[in-house]
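# A closer look at the structure
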Amino acid sequence: MEVENGRPVRVTGDPENPAYRGFTCAKGRQLPRQHAHPERLLFSQKLQADGRYAPISGRMAMDEIAQRIQEIVSEHGPRSVALYPGTYSGPHPVSIPAGVGWMLGLGSKMVFTSSAIDQPGKHVANAIHGRWLGGSHVFDESDVWLLVGNNPLISISGGIPPSNPGRRLREAKRRGMKLIVIDPRRTEVARFADVYLQPRAGEDPAILAAILHVVIRERLYDADFCSKYVSGFDDLAERVEEFTPAHAADRAGLTAEEIELAARTFAAGRRGCGVAGTGPNMAPHGNLTEYLLLTLNTLCGRWRREGEEVPNPGALLPRATPKAQALPPRAGWGRGESLRSRELGNSAAGLPTGALSDEILYTGEERIRVLICIGSNPVAAWPDQLKTIRAMEKLELLVTLDMKMSATSKFADYVIAPKLSLEVPGLSISSEAIEQTYVAHGYPEPYAQYSPALVDPPVGSDVMEEWEFFYGLSQRMGIPLRAYPIRAETGVLREPRDAFEFDMKNKPTTDEVFEGIMNASRIPLAEVRCHPHGRIFDDETIRVQPADPDCRDRLDVGNTDMLLELEAVRGELEGGSPTRRGMSVPDERERFPFQLISRRMPNVYNSSGRDIEALSRRKPYNPAFLHPEDLRMLGIERGDLVEIASSHASILGIAEPASEIRRGIVSMAHCFGDAPDHDSRVREIGSNTGRLVDNERDFDPHTGIPRMSAIPVAITRA
Ligand SMILES: Nc1nc2c(c(=O)[nH]1)N[C@H]1C(S)=C(S)[C@@H](COP(=O)(O)OP(=O)(O)OC[C@H]3O[C@@H](n4cnc5c(=O)[nH]c(N)nc54)[C@H](O)[C@@H]3O)O[C@H]1N2
Ligand SMILES: Nc1nc2c(c(=O)[nH]1)N[C@H]1C(S)=C(S)[C@@H](COP(=O)(O)OP(=O)(O)OC[C@H]3O[C@@H](n4cnc5c(=O)[nH]c(N)nc54)[C@H](O)[C@@H]3O)O[C@H]1N2
Ligand SMILES: [Mo]
């Protein structure tokens, strides 16, 4: 990064960085513009009686907020306070630990994260299937790879390592890796696929069950691994028997041969993994999709065995102590705290964020009255936007920590102006640690980097780091602050870390807090700091140890609830039985003949980036992408305004032909638009697909995530 007059001016890739090798993403390259954005908040804001906002010093904001929370808590108890960390808590490694630490100090467990409206099925499936303590195969060593509804070349988030996914994919193809992609849109990554399936949306459980059917019928599984380490095989085999390739093909609009080819190709590899993304997790039965994928990996024995080296023994993470054995299944849901407003509770994916607006709107005792948002944007991101807005209006206190007056901040009582990424020290820990919760995510090598704060905040501004806000609240409320280490749902075993106690008299620096929370890193932070370009710390070889002699634990591929859900999927289309929306499938398909699916666009990050001109130059809105033949059939042309209606609400969209999309599908990015007052600006800000989502229908009974992809919609000219 180049600095002129104390301000960042240019970001370019670092060819000397051994993991990224010069790769950056467009959004990263525009950080200087984000930092200098005219709408960036240089002062915290307080809502005035007349509905306008006025600047307030950070200290005074913390005084007032602490006092208000104390009043509400003394009347209604700590449970009335909720915290919602979103995607921009990720780049700031201390912000979630400090926010959660403050909540626990306060005595509230009401922490809701964006994970529960992202890929909650991953957490649930990993819990009930169990985890393999030797870890998974990684992309760079594999000869087959399956992607189900993710697009890592654009999302740069999972499925292919985030450090230069394009180069890694090209190298893998050159090595002869076979890539299988299942996605209703022929995505950027699907162009590299050896086997590409373009199904109707929402049929992933049936397709994966049929792939398992073929793997079992043709005995393509790893019988030795299954006999030693797996339970539930016979129940699974019995359940998938009726999921013939012909049945799945019929529902998903594929051919049986395509599904058979995908199954045989996947099973023929020696090393590999199947990974799903947000698409199928937001479509119904996300837990089941993730569970069937883990089951497929397990049947094919795609786990590291005794004596094999682990590719990433940890850098900022503690040292791996992998073992060739299963961590037995645990409860996927029903884990402690429950909502008052709905029959939903804490699952392996945390509390049900998809239902948080109900918990705020609830009229009984113990509702949520205070919400603190860290780097998150409920009005843009939560399912059912109109209900979310009602919830924001009902809160007694809404505080956001946000760099601008986001769609949510416009409803806030206080908006705390934060320091931005280049103004604070940074660590690569969040991309490393994700390996602990998700299979085949994170860095495939022991890479780590520390970067110091590179510039000061703008002269005259009053901004703070997210953790400083929670530290300030804790001080004022007289509660100790502790940062807890990431609690691993554990991909490979690791040495434990200790919680870090903040000194509540002498405020630590961010660097001191980093030292404190990285207290058990395999590579000491001081050593990581000596390598300004980042480094792959491949100095140590750690191999998977033999299983404990008396270990009988097994991975479970026959979970009763999942097999019952699969049975229900089998029955869904039969005899015109009513869907959970109260309509038979044929009736619904007639009234709402299209399926709206989720996607990500290259130059935005959820609700961030679309206001940076260099990023949105070509299109500041989120087009409604449709197959050209569908547009012709509807009499709609490129750029026409269309109305997209679900059974719940309707939004405007701007039509854009895209021949890579399956017919009958409309593909549209989320987190665009704003509250309804701004709808007439659809050509400048796009529209909010979350408004189409009904968060009380077709929701997952365990994580609460509603149907946010594969939504039945009707499309007409507006
Ligand atoms: N319909 C539909 N809904 C979806 C999805 C979908 O595919 N379809 N995707 C879901 C997914 S996967 C997710 S993760 C959620 C995202 O949900 P959220 O995390 O709630 O939403 P974001 O838009 O990512 O919010 C980021 C906020 O951080 C602010 N920000 C930017 N930089 C900084 C910073 O440095 N510090 C601070 N404090 N704030 C900053 C931005 O201005 C923005 O308001 O949305 C979910 N919602
Ligand atoms: N450029 C950019 N990058 C991002 C983000 C962003 O907003 N922009 N957001 C970040 C966040 S918060 C996240 S969680 C990750 C997500 O990362 P990914 O999961 O890779 O997200 P997408 O690129 O949206 O890929 C989802 C794919 O699912 C497909 N799909 C939709 N419905 C279905 C279905 O029912 N079945 C199947 N098989 N496929 C379906 C869509 O066509 C799409 O190609 O990306 C992160 N990276
Ligand atoms: Mo996400």
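Attention in this report is confined to the structure presented alongside it. (Residues numbered from 1 in each chain as written. Chains lettered and ligands numbered in written order. Predicted model: local features only at pLDDT ≥ 70, side-chain atom pairs only at ≥ 80, totals over all residues. Heavy atoms only, no water.)

## Description of the overall build of the chain
Helix and strand content of the chain: 26 helices and 28 strands. The C-alpha extent of the chain, read off along each of the three principal axes, is 70 × 65 × 50 Å. Counting across all 718 residues of the chain, residues that qualify as buried make up 60%. Contacts spanning at least 24 positions in sequence make up 77% of the contacts within the chain whose residues lie at least 6 apart. Summed over its atoms, the accessible surface of the chain is roughly 27400 Å², and 48% of this surface lies on carbon and sulfur atoms. Distance between charge centroids for the chain: 3 Å, based on 85 positive and 97 negative side chains. (Helix = DSSP H or I, 4+ residues; strand = E, 2+ residues; numbered from the N terminus. Buried < 20%, exposed > 50% of the residue type's maximum accessible area, 1.4 Å probe, protein only. Contact = heavy atoms within 4.5 Å. Areas by Shrake-Rupley, 256 points an atom, 1.4 Å probe, with all protein chains shown as cover. Lys, Arg positive; Asp, Glu negative; His and termini not counted. Charge placed at Lys NZ, Arg CZ, Asp CG, Glu CD.)

## A closer look at the packing of aromatic side chains
Applying the stated criterion across every chain yields a total of 17 aromatic pairs. Geometrically, the ring pair formed by Y84 and W382 is edge-to-face, given 5.2 Å between the ring centres and 65° between the ring planes. Of this pair, Y84 sits in strand β5 (residues 81-85) while W382 sits in the loop between α16 (378-381) and α17 (385-394); the two residues are 298 residues apart in sequence, bridging distant segments of the chain. Per residue, the accessibility class of Y84 equals that of W382, and both read buried. Taking 5.0 Å as the distance between ring centres and 50° as the angle between the ring planes, the aromatic pair formed by F225 and Y229 counts as tilted. (Phe/Tyr/Trp six-rings, centres within 6.5 Å; stacked < 30°, edge-to-face > 60°.)

## Side note on the nonpolar core
Of all hydrophobic cores here, the largest spans 100 residues; its most connected members are I65, I69, W102, L371, I372, F469 and I644. It is helix α3 (residues 58-76) that provides the largest number of residues to this core, a total of 7 residues. Grouped together as the second largest cluster of nonpolar side chains are 76 residues, A206, A263, Y291 and L563 included. (Core = buried A, V, L, I, M, F, W, Y, C linked by side-chain atoms within 4.5 Å.)

## Things to note about the sheet that holds strand β11 (residues 272-276)
Spatial ordering of the open sheet is given by β9-β8-β7-β11, a layout of 4 strands whose pairing is parallel. Pairing within the sheet leaves two strands with one partner each, and these edge strands are β9 (195-197) and β11. Direction aside, the axes of adjacent strands within the sheet are offset by 10° on average. In this sheet, β9 lies alongside strand β8 (residues 178-182) in parallel orientation, the contact comprising 3 bridges. Across the sheet, I182 pairs through a bridge with L197, a residue of β9. (Pairing = 2+ DSSP bridges. Axes fitted to C-alpha atoms, helices over the stretch in contact; angles between N-to-C directions.)

## What to know about the site of ligand 1
What surrounds ligand 1 is a group of 31 residues, the closest being Y84, T87, D402, E466 and S607. In the environment of ligand 1, an oxygen atom lies 3.2 Å from a nitrogen or oxygen atom belonging to the side chain of H92. Protein contact buries 98% of the 920 Å² of open area that ligand 1 shows by itself. Here the residues of the shell around ligand 1 are counted per class, giving 10 nonpolar, 16 polar and 5 charged. Split by domain, the residues of the shell around ligand 1 number at least three in each of domain 2 (41-110 + 352-427 + 450-533) and domain 4 (585-697). (Near = heavy atom within 4 Å. Polar contact = N/O pair within 3.5 Å; in protein donor to acceptor, adjacent residues only side chain to side chain. Nonpolar A, V, L, I, M, F, W, Y, C, P; charged D, E, K, R; others polar. Domains from an automatic or database assignment.)

## Points about the site of ligand 2
As a matter of local geometry, ligand 2 sits amid 34 residues, with S155, D183, D204, V604 and N606 nearest to it. At a separation of 2.9 Å, an oxygen atom of ligand 2 approaches a polar backbone atom of N151. In the model, an oxygen atom of ligand 2 is placed 2.7 Å from a nitrogen or oxygen of the D183 side chain. Protein contacts shield 96% of the accessible area of ligand 2, which totals 920 Å² for the unbound molecule. Among the elements of the structure, α6 (152-155) and α13 (278-282) are those that each provide at least two residues to the shell around ligand 2. By residue number, the principal contributor to the shell around ligand 2 is α13, which donates 3 residues. Shared between two domains, the shell around ligand 2 takes at least three residues from each, and those domains are domain 3 (120-327) and domain 4 (585-697).

## A few points about the sheet that holds strand β4 (residues 53-56)
Across the sheet, which stays open at both edges, the 6 strands sit in the order β4-β3-β15-β14-β13-β5 with mixed pairing between neighbours. Both edges of this open sheet fall to β4 and β5, since each of them pairs with a single strand only. Taking each pair of neighbouring strands and ignoring which way they run, the sheet shows an average axis angle of 20°. Alignment of β5 against strand β13 (residues 370-374), held across 5 bridges, turns out to be parallel. When the sheet's bridge partners are listed, Y84 is paired in β13 with C373.

## With respect to helix α11 (residues 245-252)
The element α11 is extensively covered by neighbouring structure, given that 6 of its 8 residues are classed as buried. Of all the residues in α11, the buried ones are P245, H247, A248, A249, R251 and A252. Immediately beyond the C-terminal end of α11, within one or two residues, lies G253, with a positive phi of roughly 70°.

## A short note on the environment of V370
For V370, the location among the structural elements is in strand β13. The exposure class assigned to V370 is buried, which follows from its relative accessible area of 0%. In sequence terms V370 and P78 are 292 residues apart; their C-alpha atoms lie 9.7 Å from each other.

## Looking at the pattern of salt bridges
A full pass over the atoms with the stated rule returns 56 salt bridges. In this structure, R271 and E141 form a salt bridge, with 3.6 Å as the shortest nitrogen-oxygen distance. Of this pair, R271 sits in the loop between α12 (256-268) and β11 while E141 is found in the loop between β6 (131-132) and β7 (144-148), placing the two residues 130 residues apart along the sequence. For R271, a relative accessible area of 13% gives the class buried. The partly exposed category is assigned to E141, whose relative accessible area is 26%. When the shortest N-O distance is used, the salt bridge between D358 and R342 registers 2.7 Å. One end of the pair, D358, is in helix α15 (residues 356-361); the other, R342, is in the loop between β12 (326-327) and α15, with 16 residues separating them in the sequence. By relative accessible area, which is 10% here, D358 ends up buried. Note on R342: relative accessible area 11%, which makes it buried. Connected via shared salt-bridge partners are E141, R271, R304 and E308. (Salt bridge = Lys/Arg side-chain N within 4 Å of Asp/Glu carboxyl O.)

Everything listed here is a matter of geometry and, on its own, says nothing about what the molecule does.
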